[in-house]
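# A look at the structure
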Amino acid sequence: MEAVAEADAADAVRRAGNFAVRGPVFGVAAQDADDGARWRVMVAVTADNPQEARDSLNSLLWFKAKDDAKDRAERRGLLAAVAQLERERVQELTVLGTRYRIVRAEEYAGEGSDGIELPRPSDPEPAAPDWDPRTPAARIDDGLVLDPDAPLTPTQAAETLALRDLTYTGTRFPTPVRNDSRRARQTHPDVMLLPTTYTLVERSSTGWTPASAPHPTPHEARKTLEYTILQFEPRRRGLLPDLHSDARTLLASGDCDPQTATQLAAYVAGADQLRAAPINELEVHGIVYRIARTRRMLRWGPNGPETPRPTDSTGQDPCPIHVPLDEDGNIMPTPSAGPDTDNT
């Protein structure tokens, strides 16, 4: 199987002449004293901005304080870190001997003559596709260890070498962004490839536009596409009467006018195509959807993975996102802003 995947990757490299860079994504990695140079991903490297990753770390530590702390001293340490995350744009902090870092990766995809790269034949596909939206999907980066000394296949080695000199160029990037990009190439000269993801994209006049968050498998991205054409798009166009209906059930009920039925039939036909075979491109009502094979590369320096750059969009300001806890892990009452009762 590894040989098949390697041959598949080599063929894809030949067909995809360029990399289409979408931009940065962020997550959280942790390192203990006995981890050596390795870091463990605690929050998937998929957030759109650093603050989203910080808020996820805030939640991770808050729940750890609430549910897992062994004693008051441990809980105090965790809650002190939560308080710091509520007021500061933290890049790294150490909590109870564990070093947590907000990490930055670059999201990109191969691009050839036929556009953005599709899933490869050797990419994982379920033997029996599960279309139930209630079935939980595998989590991106779940249990991932970032190991700079891990062995690479020949194709992976070639790709990391090709990406080492990747920087932002062109006038669409402001000068400070380009300067940060060039500086990162010096401070974090090595490259690590993160697991492949799959994203639903739509074709536009300027290329391909992301239409979903990344997914761990092509099939999970197809499930999002089915939701898009059976629920999201019909509802956006005013074809569905409420939040509980979808194109398939409404069309089957016959409770719609002929014009609406014709439009819904196209959505249902597209969903039927998805379920009949693992297709990666579909056109419905003039919109071309594609399952894109998206990839991420993380820069690595002497001190480990790269953190957010000064010119990265930060997101909202830090703020409390959970109710306060006391030293015993009990939720503290939130002061109410009632009427003025001062009678002095």
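As shown above, the structure is provided for reference.
Residues numbered from 1 in each chain as written. Predicted model: local features only at pLDDT ≥ 70, side-chain atom pairs only at ≥ 80, totals over all residues. Heavy atoms only, no water.

## Concerning the packing of helix H6 (residues 218–236) against helix H8 (residues 258–276)
Each pair of packed helices can be described by the angle between their axes along with the distance between the axes. Put simply, H6 and H8 touch, their axes get as near as 10 Å, and they point 170 degrees apart. Between H6 and H8, the crossing angle belongs to the class labelled roughly antiparallel. Between H6 and H8, the residues in contact are Arg222, Leu225, Glu226, Ile229, Leu230, Glu233 and Pro234 and Leu264, Tyr267, Val268, Gly270, Ala271, Leu274 and Arg275, respectively. (Axes fitted to C-alpha atoms, helices over the stretch in contact; angles between N-to-C directions. Helix = DSSP H or I, 4+ residues; strand = E, 2+ residues; numbered from the N terminus. Parallel < 35°, antiparallel > 145°, perpendicular 65-115°, else oblique. Contact = heavy atoms within 4.5 Å.)

## Here we look at the environment of Arg22
The residue Arg22 is located in strand E1 (residues 18–31) in this model. Relative accessible area serves as the criterion here: at 47%, Arg22 is assigned to the partly exposed category. With 272 residues separating them in the primary sequence, Arg22 and Thr294 have C-alpha atoms 9.4 Å apart. A distance of 2.8 Å separates polar atoms of two side chains, one belonging to Arg22 and the other to Glu107. (Buried < 20%, exposed > 50% of the residue type's maximum accessible area, 1.4 Å probe, protein only. Polar contact = N/O pair within 3.5 Å; in protein donor to acceptor, adjacent residues only side chain to side chain.)

## A closer look at the packing of aromatic side chains
For the coordinates displayed, the defined rule picks out three aromatic pairs. Ring centres of Phe19 and Tyr108 lie 5.2 Å apart, and the angle between their planes is 80 degrees; on these two criteria the pair is classed as edge-to-face. Of the two residues, Phe19 sits in strand E1 while Tyr108 sits in strand E4 (residues 98–112), which places them 89 residues apart along the sequence. Centroid distance Trp62 to Phe63: 4.8 Å. Interplanar angle 85 degrees. Geometry classified as edge-to-face. (Phe/Tyr/Trp six-rings, centres within 6.5 Å; stacked < 30°, edge-to-face > 60°.)

## Re the nonpolar core
Judged by nonpolar contacts, the single largest core of 22 residues is most densely connected at Val28, Leu57, Leu61, Leu93, Val95 and Tyr100. Among the elements of the structure, E1, strand E2 (39–47), helix H2 (50–67), helix H3 (72–87), strand E3 (92–95) and E4 are those that each provide at least two residues to this core. Beyond its immediate sequence surroundings of up to four residues, Leu61 is in contact with Leu78, Ala81, Val82, Leu85, Val95 and Tyr100. Ranked by size, the runner-up nonpolar core spans 21 residues in total, among them Leu225, Leu239, Ala271 and Val284. (Core = buried A, V, L, I, M, F, W, Y, C linked by side-chain atoms within 4.5 Å.)

## Re the pattern of salt bridges
Think of it this way: side chains of opposite charge can pair up when their charged atoms draw near. Applying the stated criterion to the full structure yields 29 salt bridges. When the shortest N-O distance is used, the salt bridge between Arg183 and Asp180 registers 2.5 Å. A residue pair is termed a helical-turn pair when its members lie 3 or 4 positions apart in one helix, as Arg183 and Asp180 do in helix H5 (residues 175–187) at three residues. By relative accessible area, Asp180 is classed as buried at 7%. Connected through salt bridges with shared partners, the residues Arg72, Arg76, Glu327 and Asp328 form a single ionic network. (Salt bridge = Lys/Arg side-chain N within 4 Å of Asp/Glu carboxyl O.)

## Points about the pairing of strand E9 (residues 207–210)
Taken together, the four bridges between strand E8 (residues 197–204) and E9 define a ladder with antiparallel strand orientation. In the strand pairing of E9, Arg203 is matched with Trp208. Where E8 folds back onto E9 in an antiparallel hairpin, the turn is made up of two residues. (Pairing = 2+ DSSP bridges.)

## Quick word on the pairing of E8
Sheet topology note: the E8/strand E11 (residues 287–301) ladder contains six bridges and is antiparallel. Among the inter-strand pairings, Val201 is bridged to a residue of E11, identified as Arg290.

The values reported here are purely geometric and, on their own, carry no functional implication.
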